Amino acid sequence: MAHPTLFITGGAGFIGSALIRLLIAESDWRIVNIDKLTYAGNLESLSSVANDPRYVFRQIDICDRPALDALFAEFQPTGVIHLAAESHVDRSIHGPGDFIQTNITGTFALLEAARGYWMSLDDTAKAGFRFHHVSTDEVYGSLGDTGLFTETTAYQPNSPYSASKAASDHLVRAWHHTYGFPVVTTNCSNNYGPCQFPEKLIPLMIHNAVSGKPLPIYGKGDNIRDWLYVDDHARALRLVFEQGKLGEVYNIGGHNEKTNLEVVDTLCALLDELKPRADGKPYRELKTYVADRPGHDKRYAIDATKIGAELAWTPQENFETGLRKTVQWYLDNTEWVAHVVSGEYRNWMDTNYGART
Ligand code: NAD
Ligand code: TYD
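Any chance you could explain the nonpolar core here in plain terms?
Buried together is how nonpolar side chains tend to be arranged in soluble globular proteins. Ranked by size, the top nonpolar core spans 46 residues in total, and within it I8, L19 and I307 carry the most contacts. Elements that contribute at least two residues to this core include exactly β1 (5–9), α1 (14–26), β3 (55–59), β6 (183–188), α8 (230–243), β11 (249–252) and α10 (305–311). Counting residues per element, this core draws most heavily on α1, which supplies eight residues. Apart from the residues within four sequence positions on either side, L19 is in contact with I8, I81, L83, A234, L237 and R238. Listed in part, the 31 residues of the second largest apolar core include V264, V327, Y330 and V340.

Mind showing me how you'd approach the site of ligand 1 here?
Neighbouring ligand 1 are 28 residues; I15, D35, S87, Y161 and K165 lie closest to it. One of the backbone N or O atoms of I15 is found 2.7 Å from an oxygen atom in ligand 1. Here an oxygen atom of ligand 1 and a backbone polar atom of T38 are 3.0 Å apart. Protein contact buries 97% of the 830 Å² of open area that ligand 1 shows by itself. For the shell around ligand 1, the elements supplying multiple residues, two or more each, are α1, β5 (130–136) and α6 (160–179). A total of three residues in the shell around ligand 1 trace back to one element, the largest contributor, which is β5.

Whenever I open this one, the packing of helix α4 (residues 97–119) against α6 confuses me. Can you help?
The geometry of a pair of packed helices is captured by two quantities: the angle between their axes and the separation between those axes. Running from N to C, α4 and α6 point in directions that differ by 20 degrees, and their axes come no closer than 8 Å. Compared by their axis directions, α4 and α6 come out roughly parallel. The element α4 and its partner α6 pack so that their crossing is right-handed. Counted together, F99, N103, I104, T107, F108, L111, E112, R115 and W118 of α4 and Y161, S164, K165, A167, S168, L171, V172, W175 and Y179 of α6 form the full contact between these two elements. Residue composition of the contact of α4 with α6, grouped by class: eleven nonpolar, four polar and three charged.

It is not clear to me how helix α2 (residues 65–75) should be interpreted in this structure. Could you clarify?
Since one α-helical turn is 3.6 residues long, residues separated by three or four positions face the same way. Among all positions in α2, only A67, L68, L71, F72 and F75 are buried. In an axial view of α2, the angular spread of the buried residues amounts to 135 degrees, which keeps them on one side of the axis. Exposed side of α2, more than 90 degrees from the buried face: P66 and A73 are the residues found there. On its buried face, α2 is in contact with β1, β2 (30–35), β3, β4 (79–82) and α4. Two residues or fewer past α2, Q76 is found with a positive phi of approximately 50 degrees.

In this structure, what is going on with the site of ligand 2? I would like to understand it.
With respect to spatial proximity, 18 residues lie near ligand 2, and among them E138, P216, R225, R293 and H296 are the closest. Take E138: an N or O atom from its side chain is 2.5 Å from an oxygen atom of ligand 2. With respect to ligand 2, the side chain of R225 contributes an N or O atom lying 2.7 Å from an oxygen atom. Protein contacts shield 96% of the accessible area of ligand 2, which totals 510 Å² for the unbound molecule.

Before we go on, may I ask you to explain the layout of surface pockets in this structure?
Gaps left between atoms are located by rolling a probe of water-molecule size over the structure's atoms. Reported here for the second largest pocket is a volume of approximately 280 Å³. Lining the second largest pocket are 14 residues, and of these D169, R173, T185, G247 and V249 lie nearest its centre. Within the residue set of the lining of the second largest pocket, elements represented by two or more residues are α6 and β6. Looking at the lining of the second largest pocket element by element, the count peaks at five residues for α6. Of the residues that constitute the lining of the second largest pocket, the class distribution is four nonpolar, six polar and four charged.

What's the story with helix α11 (residues 319–332) in this structure? I'm lost.
Spanning 14 residues, α11 covers 20 Å between terminal C-alpha atoms, matching the ideal 20 Å at 1.5 Å per step. On the buried face of α11, the contacting elements are β7 (191–192), α7 (201–210), β10 (228–229), β12 (257–259), α9 (260–274) and α12 (334–342).

Just checking my understanding: could you explain the pattern of salt bridges for this structure?
Charged atoms that come close allow side chains of opposite charge to pair. Overall, the coordinates contain 16 salt bridges when judged by the stated rule. Its salt-bridge partner being K306, residue E248 comes within 2.5 Å of it at the nearest N-O pair. In this pair, E248 sits in the loop between α8 and β11 while K306 sits in helix α10, placing the two residues 58 residues apart along the sequence. When its relative accessible area of 25% is taken as the criterion, E248 is described as partly exposed. Measuring nitrogen to oxygen at the nearest pair gives 2.9 Å for the salt bridge that ties E273 to R324. In this pair, E273 sits in helix α9 while R324 sits in helix α11, placing the two residues 51 residues apart along the sequence. Residue classification places R324 among the partly exposed residues on the basis of a relative accessible area of 36%. Salt bridges here are not isolated pairs; linked through shared partners, they connect R91, E199 and K200.

It is not clear to me how the state of the cysteines should be interpreted in this structure. Could you clarify?
Applying the stated rule across the entire model yields zero disulfides. A disulfide-free cysteine, C188 has its sulfur positioned 17 Å from the sulfur of C195, the nearest such atom.

Please explain the side chain of S162 as it appears in this structure.
Structurally, the position occupied by S162 is in helix α6. Of the residues examined, S162 reaches a relative accessible area of 0% and is grouped as buried. The contacts of S162, once residues within four sequence positions are left out, are E138, V139 and P157.

So, how was this worked out
- Residues numbered from 1 in each chain as written.
- Chains lettered and ligands numbered in written order.
- Predicted model: local features only at pLDDT ≥ 70, side-chain atom pairs only at ≥ 80, totals over all residues.
- Heavy atoms only, no water.
- Core = buried A, V, L, I, M, F, W, Y, C linked by side-chain atoms within 4.5 Å.
- Buried < 20%, exposed > 50% of the residue type's maximum accessible area, 1.4 Å probe, protein only.
- Helix = DSSP H or I, 4+ residues; strand = E, 2+ residues; numbered from the N terminus.
- Contact = heavy atoms within 4.5 Å.
- Near = heavy atom within 4 Å.
- Polar contact = N/O pair within 3.5 Å; in protein donor to acceptor, adjacent residues only side chain to side chain.
- Areas by Shrake-Rupley, 256 points an atom, 1.4 Å probe, with all protein chains shown as cover.
- Axes fitted to C-alpha atoms, helices over the stretch in contact; angles between N-to-C directions.
- Parallel < 35°, antiparallel > 145°, perpendicular 65-115°, else oblique.
- Left-handed = near helix turned anticlockwise from the far one by under 90°.
- Nonpolar A, V, L, I, M, F, W, Y, C, P; charged D, E, K, R; others polar.
- Arc of directions from axis to C-beta.
- 1 Å grid on protein atoms, 1.4 Å probe; cavity = no way out; pocket = protein on both sides within 12 Å on 5 of 7 lines; lining within 4 Å.
- Points joined across faces, edges and corners; volume = space filled by probe spheres on them.
- Expected span 1.5 Å × (residues − 1).
- Salt bridge = Lys/Arg side-chain N within 4 Å of Asp/Glu carboxyl O.
- Disulfide = S-S within 2.5 Å.

Structural measurements only, silent on function.
Written as structure tokens, this is what we have:
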């Protein structure tokens, strides 16, 4: 029997590639990965599934409506999980344009292409279709010393990144309310794990440490993030996509609040154990305090009660096990990191699939 088809946007990114690896390994879905391959898209993260008959890759910009329409017509998917985005806060501060374009205009183009396709379906196919929008807890703004973000916390995005994600969340919500378009939305806390681009805190610190470079800590290092291992997020996404209630929002988080300083100190201790420096000095000596990020959100923390109670999701990793796995992965995959740092990953498709015309 033919496999049902699922579109995943942004599948060459950090979380998208983890989700695709999970779905190819553990589900029956045929996956069509729709990715523009920006600097953050890396097909090398998908080398383990690249030749699977249930995996298809299409290099497409989600802002390209005609290309999206053609893709829906060609593959007739049962659903979409939308992860494609510009995702790095610091980049959004230096150049917000791409964030507005991809996160807002791109989500709009994708919603309209998906809605046009959905309206063309017969009643049974229409009833089976769903659009899952993947978002962030950063849309809720910054917490003080107490409290947690719930699904009903008011939106108060502070960075160009979170504002663009908040806008896309609102579009998705409105498409459900106005057109009855079948959507679910998830808002997740900070992820970490294999294949994360080394611009984000954890892979950047690992990469700098093993390269003997300073570990730049913004401000005092007392900002708090709530960390979740990426495979736990991927499992949650699968659960919400397959079983979540239409029109609902689910917060996803691991109850792992840490200050940035705690994260960096734990990473340094793990590296001291797993890859001691040649001169015998501790990695923590590389810590350097640098100017704070403008508008730096103080604290994020997720209340994940709803997804636990309604869909029986719980994370499998705690911060200690997840971080150890992550450090070990970066130490074992120096080639992946070297290709990213050198820019060579951009040639991976040409080398492995033949040159593009
Ligand atoms: P990422 O930056 O690693 O990957 C983004 C992917 O989207 C890349 O493969 C990139 O090539 C692709 N992309 C970008 N613009 C595109 C466009 N116009 N058309 C098609 N593809 C495009 O991001 P990530 O960390 O994997 O995050 C994935 C999603 O999860 C994002 O929507 C992000 O907002 C959300 N999220 C991330 C985190 C986190 O901690 N990383 C936490 C919560 C939610
Ligand atoms: P980041 O990984 O960029 O995720 P986000 O800003 O989306 O939460 O940053 C995580 C935290 O680490 C954040 O408080 C900023 C801080 N940070 C540093 O202190 N130094 C760095 O070099 C980076 C990239 C981040």
